[in-house]
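Residue strings, one per chain:
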Amino acid sequence: MSDANHYSQCDPERVAPHKDVEVEVETAASRRVFQITEEEYEELRESYGGYCVACRDEAYGVEPDARGYACDSCGKPTVFGIEELLMRGLAEFVSDSA
Ligand SMILES: [Zn+2]
């Protein structure tokens, strides 16, 4: 019975509408994480700053736990707040005097 294989190749459940964003995020994470100091982290949290993982531009007016906001620079829904970036492993702390 080879008919079953033909059907499974075009399974509609495999086409997820928001897959692009997740792929974008995974690609960005494997490429390079944002490196910030604890000082920068405090500043970003207080000033509602975040980053776009697609074009790596800074974004403002972003809650620390925001995710999937539209980027002003590239238009993709890949802006994350600073806490969310850290939780996802997209950002990491570096020491200022390194
Ligand atoms: Zn962007």
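Right, let's walk through the structure included here. Worth saying up front: this structure is predicted, and the values here are computed from it rather than measured.

This part takes up the overall build of the chain. On a plain count of helices and strands, the chain comes out with four helices and five strands. Helices and strands appear in the chain in the N-to-C order α-α-β-α-β-β-β-α-β. In the chain, of all internal contacts separated by at least 6 residues, the share reaching a separation of at least 24 is 45%.

Here we come to the environment of Phe80. Looking at the secondary structure, you find Phe80 in strand E4 (residues 79-81). Put simply, Phe80 and Tyr69 are eleven residues apart on the chain and 6.6 Å apart in space, counted from C-alpha to C-alpha. Apart from residues lying up to four places away in sequence, Phe80 is in contact with Gly50, Tyr51, Val53, Ala66, Arg67, Leu85 and Leu90.

Turning to the nonpolar core, a few remarks are in order. Counting residues in hydrophobic clusters, the biggest one holds 14 residues, and the most contacted among them are Tyr51 and Leu85. Going through the elements one at a time, strand E1 (34-36), strand E2 (49-52), E4 and helix H4 (82-87) are the ones with two or more residues in this core. Ignoring sequence-local partners within four residues, the contact set of Tyr51 consists of Phe34, Arg56, Glu58, Ala59, Phe80 and Leu85.

Turning to unusual backbone geometry, a few remarks are in order. Excluding glycine, a negative phi dihedral is what most residues carry, and trans is how most peptide bonds are arranged. Positive phi, normally seen in glycine, also occurs at Tyr48, with a value near 55°. With respect to the helices, strands and loops of the structure, Tyr48 is situated in the loop between helix H3 (38-46) and E2. Exposure remark for Tyr48: the 15 C-beta atoms within 10 Å place this residue in the partly exposed category.

For the rest of this paragraph, the subject is the pairing of E2. As defined by bridge partners, E2 adjoins strand E3 (residues 58-60) across three bridges and the pair is classed as antiparallel. The residue bridging Gly49 from the neighbouring strand is Tyr60, located in E3. Between E2 and E3, which follow one another and run antiparallel, lie five residues, and Arg56 among them has a positive phi close to 65°. Bridge count for E2 against E4 is three bridges, and the pairing is antiparallel. Looking at the pairing, Gly50 lines up with Gly81 of E4.

All right, on to the environment of Arg67 then. Tracing the chain through its elements places Arg67 in the loop between E3 and E4. The spacing of Arg67 and Phe80 is 13 residues in sequence and 4.4 Å in space, taken between C-alpha atoms. When neighbours within four sequence positions are excluded, Arg67 is seen to be in contact with Phe80, Gly81 and Glu84.

Here is what the cut-offs are and how they apply
Residues numbered from 1 in each chain as written. Predicted model: local features only at pLDDT ≥ 70, side-chain atom pairs only at ≥ 80, totals over all residues. Helix = DSSP H or I, 4+ residues; strand = E, 2+ residues; numbered from the N terminus. Contact = placed C-beta atoms within 7 Å. Core = buried A, V, L, I, M, F, W, Y, C linked by C-beta atoms within 7 Å. Buried ≥ 20, exposed ≤ 12 C-beta atoms within 10 Å, placed from the backbone. Pairing = 2+ DSSP bridges.

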